[in-house]
Amino acid sequence: MSHDFKTGDIYVKLSLLFLSIGFFRRHQIIKGILFSIIQIGFILFMIFTGIPNLSRYNTLGTIQFESVYNPITRRNEVNNYDHSFKILLYGLISIIVIIVYVYIHLKNIHTQRKLQWCEAEGQHINTFKEDLIQLKDDRFHITLLTLPVSGIVFFTIIPLLFMILVAFTNYDQLHMPPTKLFSWVGFRNFEILLTTGSNTVTFGYAFRKVLTWTLTWAFFATFLNYIGGIILALLINSKYTKWPKLWRTIFVITIAVPQFVSLLLVRHFFADQGIMNTLLSSNIPFLSDYTWIDWIRQLGLIGANREFVPFLTDPVWSKVMLILINCWIGFPYVMLITTGVLMNIPKDLYESAEIDGANKFQLFAKITMPYMLFVTAPYLITNFVHNLNNFNVIYLLTSTRVTSNQLLANANASDTDLLVTWLFKLTQDYYNYKMASVIGIMMFLLSAIFTLLAFNYTIKSNKEDRFQ
Amino acid sequence: MSRTPDQIKRAAKSKKRIKTILHNGLLAVLSFFWLIPIFWLIASAFNTDRGVNIRQFFPMNWTLDNFYQLFFQTDSVANFPRWFLNTLTVAVFACIISSLFVLMVSYTMSRLRFNMRKPLMNIGVILGLFPGVLSMIAIYFILKSLGLTDSLLALIIVYSASSGLGYLVAKGFFDTIPKSLDEAARIDGATQWDVFWRIIIPLSRPIIVYTVLLAFLAPWVDFVFANIIMTSRDTNKFTVAIGLYNMLDRNLVNNYFSLFTAGAVVVSIPISVLFIFMQKFYVEGVTGGSVKG
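All values derive from a computational prediction rather than experimental measurement. (Residues numbered from 1 in each chain as written. Chains lettered and ligands numbered in written order. Predicted model: local features only at pLDDT ≥ 70, side-chain atom pairs only at ≥ 80, totals over all residues. Heavy atoms only, no water.)

Undergrad: Please set out the overall build of chain A residue by residue, giving values where relevant.
TA: Each helix and strand counted, chain A has 20 helices and two strands in total. The C-alpha atoms of chain A give a radius of gyration of 32 Å, which is well past the 23 Å a tight globule of 468 residues would have. Looking at chain A as a whole, 48% of its 468 residues are labelled buried. Sequence separation of 24 or more characterises 66% of the internal contacts of chain A that already satisfy a separation of 6 or more. Summed over all atoms, the accessible surface of chain A reaches about 23700 Å², with 65% contributed by carbon and sulfur. On chain A, the mean spot of the 36 positive side-chain charges and the mean spot of the 27 negative ones are 3 Å from each other. (Helix = DSSP H or I, 4+ residues; strand = E, 2+ residues; numbered from the N terminus. Rg over C-alpha atoms; globule rule 2.2 N^0.38 Å. Buried < 20%, exposed > 50% of the residue type's maximum accessible area, 1.4 Å probe, protein only. Contact = heavy atoms within 4.5 Å. Areas by Shrake-Rupley, 256 points an atom, 1.4 Å probe, with all protein chains shown as cover. Lys, Arg positive; Asp, Glu negative; His and termini not counted. Charge placed at Lys NZ, Arg CZ, Asp CG, Glu CD.)

Here it is in C-alpha cells:
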C-alpha cells in the first residue's frame, strides 16, 4: 500500500483525500461519481451519526431523561436526553462503517496506482459497462455474495456484537432507556456470574446449577437417544421385520408434527391435573381400592400425602421426565439419521463373528456400536452441542413451572432451565440484558469447545482403514 | 437323537416365525406408545368439551364443531383464517428470498475461488456457535428503530436475512456436480453467470426442492422469534404458530384447548406429509453437513 502511494503520481496521492479524483483523471466518470457519493455519504454519516454517538461512547450518555411541565406551552416538555441504547448501537454501526470506509480508501490507492500504470503503458482502461460485465464473470462472487452477506452483517453480526458489548454494561430493568441511562461496568457482570461472593450469591449459585443440568441433560439426551435410535433402526431393518416402511413412517410422523404442537400436548398430558394423573388414579386391575398412585407412593417415589405424580413440577421428576420425553423425539430422529450408515456396515464382519460363535449382544457391542461411533462421531458431537442449546423441549414442557428453590428463583432461573432458556427468560420476562449477554458468551465458549473437539476428531479420524 | 433334514427345516421355520412375531409385536407396542400423543391430539380435536379433557382419554361426545369454529367463527382470540393467510404470506416471501440467498452463497463457496472464501466460511462457523435467541433481542431493537416491529415485513426479514449461513447442505450437493461441466461451458465462452443459471441450477432440482421446502416450513413451526417480534399481542397479526401457542395461555386454555388441537391437526397434516416426503434429503442434509463441518 505504502509502495503504491510513494510511487504514484499526484492523482494517486490526492486520492488519499479525494476518493474519486483518480477516476475522473482516467475518464472513468460514472465510477468517479459513485465513489464521490460514497465519500460524501461517509462524511455526512460521520457528522450526523458517527461523531455524536462515538463522542459519548465512553460514558454511553450523561443527560438523564427529564419531563418538565412548561407553564407557557402547558405541556410536558422532554429535555434533549441521551439514549444509551441508541448510542451503543449507532456507535457500533459507526465503528463498522469507519472500518469498511478505511478499507475502501486504502484499497482505492492500489486501484489508482494500477490505473496510472495502465494509462502510462497504454493499456486498456475498463469502461463502466465493462466493469459491470465483470460482475457477471470474474467478479461474480461479489454479485452473488453482496446481498446474503449484508443480510448476515445487519441481522446476525451487528446484533451479536451489540449483545457482546451489553455484557460489559449495566443494562437491565433498573437502567432501561429512554428514561434511564446505562453505562460501562467492565467485567463486573462476569464476576457476578462466575463467583459466589456475598452480594452476588444467587447468580453464581444459579449458574453452577444450570450449567451442571445443561451438561447432564445434553449427555443423556445425546447418548440415550443415540443408542435407542440405533436399536430402533436395527429392529426396523431386521430381516424378521415385516412392513419396515410402515414402522418407519409411524415413527417419523412423531418428529414430523411441529414441536410446539406435540410438546405442548405432552405438557398437558403430564400436567399435575392432567390426563396421565387421572389414568393413574384409577384402580390397578384386580386390586380394589388400590390405585397406581398408591403404588407409586408406596414405592416412595412421591411424597406421602401427594394425590398426583408431579411429572413436570417436581425438580427430580421433571428432569427424568424431560430426558424420557426427549427420547420420544430422539429415537425416531436418530433412527432416521443412522439407518443409512447401518446398512453400510460390511456384512462379512457379522458373518465371520457369527462363525466364531458370537451372540447377538456381542455383535451389537463389538461390531455395530464401534463402527457406528467411528463413522458418526462428528455427528454425535454436533448433536451434543445442539442439545446444549435445545430450547424447544425444555421451554415448551417446563416454561410455566415455578421453582421452590429460592436461590435459583432470585436469579430468575428454575431447576429444569438450560442456559439457553434461562437466557431467554432473563431477557423476555425480566429485561436483565446484561446477565443474559454474559450467559450468551458463556454458551458460545461452551459450544466452541465441543465444536473444536468435533473438528479435531474429523481431522484425526482420517485413518479410514480400520474398518475396511 | 438325530433329526431328519425335514425336521431341522421345520424347526428353523418355526423359529423364524417366532422371531418374526416377536419383532413385529415389539414394534407394534413401541409404535403404540409413540403414537399416544398423536391419538390424543386427533381425539381432542373432535371433542365437544372445550377445555383440556382430563377425565378420559377419548372424548365422550364427538363433533366437528371445532373445525367449523376454527374456520368460520373467529373471535378476538382465535382468527385462524387470518393467521393462515399471514403465515402463508410470510412463508412465500421468506422462502423466495432465503432460497435465493442459500443457493447464491452455496454456489459461490462451492464453485468460485477468491481471496475471502476461507475466512468467510470460518466466520460462518463461528457465528453458528452463538445462541440464536441472544441476537434476537438486538434484532428486535434494530427492527424497532426502523419502525418495523409488529409487521409481517419484520417476520420476513427475520426469517430470511441471515439465511445465507445455512449454505452447507446445498454446497455439499454442488460439490458433487462434475467440474468438467462448467469448464466445458467456459471454453465455449459462457460467463460464470451463464454457468450458474444454465448449468448448475437446472441440475440441482433435488437440493432446490429441499431448500425451498425447508425455508417454506420455518414460519409455520417457529413460535420463538415470531413471539419476540409481535409484541402488540394483536391477534390479527399472529402467525399460525404463535396464534395456536397463545391459545394455551393459562387464562385461555380452558376454553380453547379443543380449538387448539383442531388447528394443530389442520397445520400438522400438510407439514408431516411434506416432512415424510423429504426425509431422504433431510438425512443427507444432517449427516453431510455435520461430517463436513
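Next comes the rest of the write-up.
Undergrad: Quick one: what's the story with the confidence of the model for chain B, residue by residue and with numbers?
TA: In regions of low pLDDT, the predicted coordinates are not meant to be interpreted in detail. All names here are of chain B. Mean pLDDT for chain B: 85, with 95% of residues reaching 70 or above. Mean pLDDT values over the elements of chain B span from 61, in helix α14 (residues 279-292), up to 92, in helix α3 (residues 80-111). Scored below 50 in pLDDT, residues 289-293 makes ten contacts in the model with residues more than four places away or belonging to other chains. (pLDDT = per-residue confidence, 0-100.)

Undergrad: Go over the interface of chain B and chain A, please, and point to the residues and values.
TA: Facing the 87 residues of chain B at the interface are 91 residues of chain A. Here chain B and chain A share an interface that buries about 8000 Å² over both sides, 81% of which is from carbon and sulfur atoms. The interface formed by chain B and chain A contains zero salt bridges. Counting every contact that joins chain B to chain A gives six residue pairs in polar contact (both at pLDDT 80 or more). If one sorts the elements of the side of chain B that touches chain A by residue count, helix α1 (residues 5-45) of chain B sits on top with 18 residues. Split into classes, the residues belonging to the side of chain B that touches chain A amount to 62 nonpolar, 20 polar and five charged. (Buried area = accessible area lost by both parts, 1.4 Å probe. Salt bridge = Lys/Arg side-chain N within 4 Å of Asp/Glu carboxyl O. Polar contact = N/O pair within 3.5 Å; in protein donor to acceptor, adjacent residues only side chain to side chain. Nonpolar A, V, L, I, M, F, W, Y, C, P; charged D, E, K, R; others polar.)

Undergrad: Give a description of the environment of Ala190 of chain B that names residues and reports values.
TA: All names here are of chain B. Structurally, Ala190 is set in the loop between α8 (179-187) and α9 (192-203). Using a relative accessible area of 17% as the deciding quantity, one classes Ala190 as buried. Residues within four places of Ala190 in sequence aside, it is in contact with Ala185 and Val195.

Undergrad: I'd like a rundown of the UniProt feature "domain: ABC transmembrane type-1" (unreviewed entry) in chain B, residues and numbers included.
TA: The UniProt record marks residues 84-278 of chain B with the feature "domain: ABC transmembrane type-1" (unreviewed entry), using the residue numbering of this structure. Each end of residues 84-278 of chain B is marked by a C-alpha atom, and these two atoms are 23 Å apart; helix forms 76% of the span and strand 0%. (UniProt positions renumbered as here; feature names shortened; annotations may be inferred.)

Undergrad: Tell me what's going on with the UniProt feature "domain: ABC transmembrane type-1" (unreviewed entry) in chain A, and back it up with residues and numbers.
TA: Residues annotated in UniProt with the feature "domain: ABC transmembrane type-1" (unreviewed entry) correspond here to residues 211-454 of chain A. Helix makes up 72% of residues 211-454 of chain A and strand 0%. Its end C-alpha atoms lie 21 Å apart.

Undergrad: So what's going on with the environment of Leu34 of chain A? Residues and values would help.
TA: All names here are of chain A. Counting through the fold element by element, Leu34 comes out in helix α4 (residues 29-55). Owing to a relative accessible area of 40%, Leu34 belongs among the partly exposed residues under this scheme. For the pair Leu34 and Thr416, spaced 382 residues apart in sequence, the C-alpha to C-alpha distance is 56 Å.

Undergrad: Pulling in residues and values, what's your account of the pattern of salt bridges?
TA: Residue and element names in this part refer to chain A. What the rule picks out here adds up to ten salt bridges over all chains. The partner of Glu119 in a salt bridge is Arg25, with the nearest N and O atoms 3.5 Å apart. Of the two residues, Glu119 sits in helix α5 (residues 84-121) while Arg25 sits in helix α3 (residues 21-25), which places them 94 residues apart along the sequence. Residue Glu119 is classed as partly exposed on the basis of its relative accessible area of 32%. Since its relative accessible area comes to 33%, Arg25 is described here as partly exposed.

Undergrad: So, the nonpolar core: which residues are in play, and what are the values?
TA: Core analysis: the largest hydrophobic core is formed by 188 residues, its most contacted members being Phe162, Leu193, Trp217 and Trp422 of chain A together with Leu143 and Phe223 of chain B. The element that contributes the greatest number of residues to this core is helix α14 (residues 315-343) of chain A, accounting for 15 residues. Contacts of Phe223 of chain B, omitting those with residues within four sequence positions, involve Phe260, Phe391, Asn392, Tyr395 and Leu396 of chain A together with Ala241, Ile242 and Tyr245 of chain B. By size, the runner-up hydrophobic cluster in this structure holds 21 residues, among which are Leu144 of chain A together with Ala185, Phe196 and Ile201 of chain B. (Core = buried A, V, L, I, M, F, W, Y, C linked by side-chain atoms within 4.5 Å.)

Undergrad: Explain the UniProt feature "transmembrane region" (unreviewed entry) in chain B residue by residue, including any values.
TA: All names here are of chain B. The residues that UniProt annotates with the feature "transmembrane region" (unreviewed entry) are residues 21-43, 83-108, 120-143, 149-170 and 256-277. Secondary structure across residues 21-43 comprises 100% helix and 0% strand; the distance between its end C-alpha atoms is 30 Å. Secondary structure over residues 256-277 splits into 100% helix and 0% strand, and the C-alpha atoms at its two ends are 32 Å apart.

Undergrad: Report on the confidence of the model for chain A, specifying residues and quantitative values.
TA: Residues and elements named next belong to chain A. Across chain A, the average pLDDT comes to 85, with 96% of residues at or above 70. Mean pLDDT across the elements of chain A bottoms out in helix α1 (residues 2-7) (76) and peaks in helix α7 (residues 140-166) (91). The model gives residues 463-468 a pLDDT under 50, and that stretch makes eight contacts with residues more than four places away or in other chains.

Undergrad: Please provide a residue-by-residue account of the pairing of strand β1 (residues 67-70) of chain A, values included.
TA: Residues and elements named next belong to chain A. Bridging between β1 and strand β2 (residues 75-78) involves four bridges; their strand directions are antiparallel. Directly across from Tyr69, in β2, lies its bridge partner Asn76. Hairpin connection of β1 to β2: four residues between the antiparallel strands, including Arg74 at a positive phi of 55°. (Pairing = 2+ DSSP bridges.)

Undergrad: Now, about the packing of aromatic side chains: what can you tell me, with residues and values included?
TA: In this structure the tally under the stated criterion is 57 aromatic pairs over all chains. A centroid spacing of 5.6 Å and a plane angle of 55° characterise the contact between Phe187 of chain A and Phe190 of chain A, whose relative ring orientation is tilted. Assessed through its relative accessible area of 57%, Phe187 of chain A is described here as exposed. On the numbers, 6.2 Å between centres and 85° between planes, the contact of Tyr107 of chain B with Phe174 of chain B is edge-to-face. Here the residue Tyr107 of chain B occupies a position in helix α3, and Phe174 of chain B occupies one in helix α7 (residues 168-175), the gap between them amounting to 67 residues. Accessibility classification places Tyr107 of chain B together with Phe174 of chain B in one group, the buried group. Through pairs of rings, three or more aromatic residues link up here, namely Tyr68, Phe71, Phe72, Phe80, Trp83, Phe84, Phe216, Trp220 and Phe238 of chain B. (Phe/Tyr/Trp six-rings, centres within 6.5 Å; stacked < 30°, edge-to-face > 60°.)

Undergrad: Account for the UniProt feature "transmembrane region" (unreviewed entry) in chain A, with residues named and values stated.
TA: Residue and element names in this part refer to chain A. Cross-referencing UniProt, the feature "transmembrane region" (unreviewed entry) maps to residues 33-51, 87-106, 142-168, 217-237, 249-270, 320-342, 363-381 and 435-459 in the present numbering. Between the end C-alpha atoms of residues 33-51 the distance is 25 Å, and the span holds 100% helix and 0% strand. Span residues 320-342 is 100% helix and 0% strand, its end C-alpha atoms 29 Å apart.

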